[in-house]
Amino acid sequence: MTLSRYRNAATFAALAGLASMPLMAGQAVANDDSGCAQAEYAMGLRYQQQSAEAIALQRQGFELATYRLEEQIDAHGDDADLAIITDLDETVLDNSALLVRDMQACHDFTTWDTWKHWEREGEPRLIPGSKDFLEFADEHDVAIYYVSDRYQENKADTLATLETLELPQVSEDSVKLLGPPKSERRAEVEDGHTVVMQLGDTLHDFAGEFAEANLEEQRTLVNENADRFGNDWIVFPNATYGDWSEAELNAWDAPHEVE
């Protein structure tokens, strides 16, 4: 995930909706997510956190990543200085518990003003399949770099979280957090290694061109880079936030009929 893309995403309408709610309703709303504007996040959160399909896609992604990485190892030989770059949030780490807590409190989590607390004290789960894949890379002497837009000021906490989850190759140098754009941090890795794979849940986890592109431009870029997806770019599902979250929907223009 790229938090810097969404920290200022709260809309005036959402804030106005919160401001107009009676203060006494806060606890009731916290127990019934249908009572506030943030309830619109519920379907995506249910899919991301609870659906078996999301687990299947995550495991499928890491199974494909393992297969592709094995191909790269075989193709480059034993002496190659190979590396992979992976995002953390919603790629390796499941932060949905924070997002659900905020939604149930009628708080718009896309303002990211509760994220620092989560980084310091939260207990994210591992995305299914992620640890097995990373251990496979480590066992085959592939360097692992965690490039994430988690806050630099909480780096010690993020390192501690990754170490608690027993992920491989966690160090001050291998974990590159918010500061320079992700493209620059990826370039630092590319300067010293042959990067053979990138993993993420948003398109700007893969190339800088996606970072400033609008949705239409992103779709064009996806088509132009079609041969990379499933090969050296592995994308994971994230139905909870993203550049698409305020997109207009297209509806069938036939008259509404029921039978």
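In short, a report on the structure. (Residues numbered from 1 in each chain as written. Predicted model: local features only at pLDDT ≥ 70, side-chain atom pairs only at ≥ 80, totals over all residues. Heavy atoms only, no water.)

### Describing the sheet that holds strand β7 (residues 233-235)
Thought 1: What the 5 strands build is an open sheet, ordered β5-β4-β1-β6-β7; its pairing is parallel. The strands lining the two open edges of the sheet, one partner per strand, are β5 (175-176) and β7. (Pairing = 2+ DSSP bridges. Helix = DSSP H or I, 4+ residues; strand = E, 2+ residues; numbered from the N terminus.)

### Some remarks on the pattern of salt bridges
Thought 1: For the structure on display, the rule yields 12 salt bridges.
Thought 2: Arginine 125 serves as the salt-bridge partner of aspartate 94, at 2.7 Å between the closest nitrogen and oxygen. Remark: arginine 125 occurs in strand β3 (residues 125-126) and aspartate 94 occurs in strand β2 (residues 93-94); sequence separation between them is 31 residues. (Salt bridge = Lys/Arg side-chain N within 4 Å of Asp/Glu carboxyl O.)

### Let's talk about the state of the cysteines
In a disulfide, the sulfur atoms of two cysteines are held together by a covalent bond.
Thought 1: Here the structure, examined in full by the defined rule, presents 1 disulfide.
Thought 2: Sulfur-sulfur distance for the disulfide between cysteine 36 and cysteine 106 comes to 2.1 Å. Here the S-S torsion is close to -100°, and the disulfide linking cysteine 36 with cysteine 106 is therefore left-handed. One end of the pair, cysteine 36, is in the loop between α2 (26-30) and α3 (42-50); the other, cysteine 106, is in the loop between α5 (96-104) and α6 (115-121), and 70 residues separate them in sequence.
Thought 3: For cysteine 106, a relative accessible area of 4% translates into the label buried. (Disulfide = S-S within 2.5 Å. Buried < 20%, exposed > 50% of the residue type's maximum accessible area, 1.4 Å probe, protein only.)

### Re unusual backbone geometry
Thought 1: We note that aspartate 141 has phi near 60°; this positive angle belongs to a residue other than glycine.
Thought 2: Note on placement: aspartate 141 falls in the loop between α7 (130-139) and β4 (143-147).
Thought 3: Here the phi dihedral of glutamine 169 falls at roughly 55°; this positive angle occurs in a residue that is not glycine.
Thought 4: Overall, the relative accessible area of 28% leaves glutamine 169 in the partly exposed class.

### Regarding the packing of α3 against helix α4 (residues 52-76)
Thought 1: Where α3 contacts α4, the axes come no closer than 5 Å and their chain directions differ by 55°. Viewed along their axes, α3 and α4 adopt a mutual orientation that is oblique. The handedness of the crossing between α3 and α4 is right-handed. Where α3 abuts α4, its residues Tyr47, Gln48 and Gln50 lie against Ala52, Glu53, Ala54, Leu57 and Gln58.
Thought 2: Split into classes, the residues belonging to the contact of α3 with α4 amount to 4 nonpolar, 3 polar and 1 charged. (Axes fitted to C-alpha atoms, helices over the stretch in contact; angles between N-to-C directions. Parallel < 35°, antiparallel > 145°, perpendicular 65-115°, else oblique. Left-handed = near helix turned anticlockwise from the far one by under 90°. Contact = heavy atoms within 4.5 Å. Nonpolar A, V, L, I, M, F, W, Y, C, P; charged D, E, K, R; others polar.)

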